[in-house]
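# Geometric and topological summary
Letter by letter, the chains look like this.
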Amino acid sequence: MTALSPPGGEFRGTRARELGMDREISRREFLDGVTVMAGCAALSSRTDLGAGSDAPTHGRGREPSRPARSQGLQGDTPDSLSVSHALRDGRFWERAGTPRPTRESYDLVVVGAGISGVTAAYTWVRRHPGARVLILDDHDDIGGHARRNEFRPATRTGPLVGHGGAHSLYAPSAWSPEGKGLLADLGVDTGRLRACVDSGLYPGLGMHGGVFCDRETFGAGTDELVVLRPGKTTSQWVAELPVAARARKDLVMLFDHPPDWFPGLTDEEKKRRLAELTYTGFLRDVCRVHPDAVAFCQTMSSATWAYGSDALGAIDAWAAAGRHAFPGFAGLRLDRGKPSAYNSPRAARRWAAGDGDVYCLPEGNQALVRMMLGRMVAGFAGTTAVEGITTTPFDYGVLDRPANRVRVRLSSPVVLVRNDGAPGAATSATVGYFDGDQVSTVRAGAVIMACWTAAVPYVVQDLPAEQKEAMRKAVRMPMVCATAQLRDWHPFREAGVHRARFTGAYWVTAELAPPISVGSYRCPKTPGEPINVHLVHAPAVPGMAPRDAAAAGRRELARTPYDRLEFGVREQLTRLLGPFGFDPARDIEGLTVNRWGHGFAAGYARPWDAFYPDGPFPADTARRRFGRIAIAGCDVMPGADADAAVSAACRAVRDLEDPASA
């Protein structure tokens, strides 16, 4: 299968002009996105530590933390990753010099300002009122991969807010007691959140889901957008696909009347067979359908799982099968009354949930982080109420004031954490972070590591060998989430879609922002208004196990500059919407690319994790407390949702409070 990818070169000439790459749209932000990638080399020549030259620093006497730039490149930028990569490669301490004590002392230091880290701090403060807490993070904004993207169109009163990563609460009715308790404490009522979404807006305008079949994948002469309108039969919409005639017959069979592929086997035996297959393997080797039919299904899982159907377990594809997704299982007549023991935890939770996902306000899950910090740091947020958190002003300058009991220090990568003495007897720990010039250290009564688990062995160097090995098995799937602010959405209306899945392109989905109105924030209601469109790219390389696919995709992503990503957004939206009047030079008024090379934690799943579901599980070893150091983060659950992050944080707090938990 040939996939579209962001073009190389310098994007000059007629094609560049057609896509608007020659106009001064967000040029300052565009240059920020490009020069930040060169910043590593610039500073490397000065210090050999690899931190970006324009990285804000937060040592003594330095400027206070600031929020990330509203446009351009966000997420895992070279500024945020260079020190960690230098640690990994054994280069950091060659030039780092002797750590300098700051004489700062805290009851708790948290490494990571994502949902898990901030929840750990919030839980600690509630259990220990008056405690002094420091949160350190190597990024220039809070929230981890839950990011807020904000635009200010000239024709709109107030900001246009979108998400840059984690955007919804996954099956909240099945959340853990800790997760439900946090939502209740913050005043987050999922029923009220659901009521904030105008679910009838897009369908009422004749806009539905669609599939964009690119000419490269199927060898067709033209691209084809197929709109999945209600009332269309499978035969009708499949007839519009630019695939081989046999593939059309196979797809109709898969969706409407698949046979029992495993006759004579029991329900349990059939599920065991599915657990041994990927979904692509099921289609190719069991159903034996035409390659075009396999290619049509490849990206069905990409936006949710961060990898394609070639890596998704067939047992989990069965769990997610729907009217237009993951066909081929109906003839097996499997018992859907409960999940299979082989279903991944993520898939199994759907059975326990009485609801689906719930959008967490226009900015996504970062709203939870802002609400928690607003309660811990005086003056950070104008309000912490659900109804006002989207539009309230935020003052990042107050996050690291010395008078605060809870301080947040951004762009401060942690490079060492060690117990002060033998782990079994230590009563404190030392934490060192790079402040832009040197390594500064603080003392801590306890430390919670709420960062990427695979990075912890490079920071806590005296961990037991088996714990380090278990941590290195944690898989983070890379993901890129782009938010383009459009002048209007007439072309989407003309096309009849509000969301499109791409069968073989670089960006696997393009979707208009969910129509959420809350408090004084109002979503765009008419096609003439500015709106955000969210695009997702799953870098995992096809044909590999998730761990290997993630690593290969991450390497490729690191070599992809911002201008190629921007050009790809423009080209792909033009391929999708150009026939309906879309002009990228005119219609794209702003763009943010959120690059998450170390994105979503991959849970255990068959067929890749042979030890699942019986164990033992690497995460059980990875999350062991080590003296005054506890481990949080969704990696050690493992799970890619906010509830996993919250549960891990609460467990880490309990581990530190219970001397018997080591």
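From a predicted model like this one, the values you see are computed outputs, not experimental measurements. (Residues numbered from 1 in each chain as written. Predicted model: local features only at pLDDT ≥ 70, side-chain atom pairs only at ≥ 80, totals over all residues. Heavy atoms only, no water.)

## A look at the overall build of the protein
Note the following rule: Helical segments are the DSSP runs of H or I of at least four residues, strand segments are the runs of E of at least two, and each set is numbered from the N terminus. We call a residue buried when its accessible area falls under 20% of the maximum for its residue type, exposed when it is over 50%, and partly exposed in between, using a 1.4 Å probe and counting protein chains only. In what follows, residue pairs with any heavy atoms lying within 4.5 Å of each other are defined as contacts.
Helix and strand counts for the protein stand at 26 helices and 21 strands. Out of the 662 residues belonging to the protein, those deemed buried represent 61%. For the protein, the proportion of contacts with a sequence separation of at least 24, taken over those separated by at least 6, is 73%.

## Points about the pattern of salt bridges
Oppositely charged side chains may form a pair once their charged atoms are brought near each other. Rule in force here: Salt bridges are defined by distance alone: a side-chain nitrogen of Lys or Arg within 4 Å of a carboxyl oxygen of Asp or Glu.
Counted under the stated rule, the structure contains 39 salt bridges. A salt bridge links Arg375 to Asp185; the shortest N-O distance between them is 3.5 Å. In this pair, Arg375 is assigned in helix H18 (residues 366-376) and Asp185 in helix H6 (residues 177-186), connecting sequence segments 190 residues apart. Given a relative accessible area of 39%, Arg375 falls into the partly exposed group.

## Here we look at the sheet that holds strand S17 (residues 497-502)
We count it as follows: Strands pair, by our definition, only if DSSP identifies at least two bridges between them. Working convention: axes come from line fits to C-alpha atoms, limited for helices to the stretch in contact. Angles between N-to-C directions cover 0 to 180 degrees.
Strand order in the open sheet made by the eight strands is S1-S20-S16-S19-S18-S17-S8-S9, with mixed pairing throughout. Lying at the two open borders of the sheet, with one neighbouring strand each, are strand S1 (72-75) and strand S9 (224-227). Strand-to-strand twist of the sheet, defined as the mean angle between neighbouring strand axes without regard to direction, takes the value 20 degrees. Of the strands in this sheet, strand S16 (476-486) and strand S20 (588-601) are in contact with helix H22 (residues 546-558), which crosses S16 at around 45 degrees. Its contacts with the sheet put helix H23 (residues 562-577) on S1, strand S8 (208-213), S9, S16, S17, strand S18 (509-512), strand S19 (531-537) and S20, and the angle it makes with S20 is roughly 115 degrees.

## Quick notes on helix H5 (residues 115-127)
We count it as follows: To estimate how far a helix should extend, the number of its residues minus one is multiplied by 1.5 Å.
End to end, H5 covers 18 Å across 13 residues, agreeing with the expected 18 Å (1.5 Å per residue, within 8%). With ten of its 13 residues buried, H5 lies for the most part within the structure. Among the residues of H5, those classed as buried are Ile115, Ser116, Gly117, Val118, Thr119, Ala120, Ala121, Tyr122, Thr123 and Trp124. Looking at the buried side of H5, the elements it contacts are strand S3 (108-111), strand S4 (133-136), H6, H18, strand S15 (447-449) and helix H26 (642-657).

## Observations concerning unusual backbone geometry
Residue Tyr612 is joined to Pro613 through a cis peptide bond whose omega torsion reads 10 degrees. One can find Pro613 in the loop between S20 and helix H25 (618-622). That bond from Gly615 to Pro616 is cis: its omega, 0 degrees, falls within 30 degrees of zero. Within the fold, Pro616 resides in the loop between S20 and H25. Located in the positive-phi region is Ala171, a residue other than glycine, with phi close to 45 degrees.

## Observations regarding the nonpolar core
Cut-off, in case you're wondering: For the purposes of this section, nonpolar cores are sets of buried Ala, Val, Leu, Ile, Met, Phe, Trp, Tyr and Cys residues that join through side-chain atoms within 4.5 Å.
The biggest cluster of nonpolar side chains holds 66 residues, and the ones touching the most others in it are Val133, Ile135, Ile142, Val188, Leu373, Phe380 and Ile448. Where this core is concerned, the elements lending two or more residues are S3, H5, S4, strand S6 (160-163), H6, H18, strand S11 (406-409) and H26. Sort the elements by how many residues they give to this core and H26 lands first, with nine residues. Not counting the four nearest positions on each side in its chain, Val133 is found in contact with Tyr106, Leu108, Val110, Ala121, Trp124, Val125, Arg405, Val406 and Arg407. By size, the runner-up hydrophobic cluster in this structure holds 59 residues, among which are Leu251, Ala275, Ala347 and Val536.

## Some points on the environment of Gly164
Along the chain, Gly164 falls in the loop between S6 and strand S7 (168-169). Along the sequence, Gly164 and Gln366 sit 202 residues apart, while their C-alpha atoms lie 9.3 Å from each other. Setting aside residues no more than four positions away along its own chain, Gly164 makes contact with His145, Arg147, Asn149, Cys481, Asn594 and Trp596.

## Some details on H18
The buried fraction of H18 is high, at ten of eleven residues. Taken as a whole, H18 has its buried residues at Gln366, Ala367, Leu368, Val369, Arg370, Met371, Met372, Leu373, Gly374 and Met376. The inward-facing, buried residues of H18 contact H5, S4, strand S5 (148-151), S7, H6 and S11.

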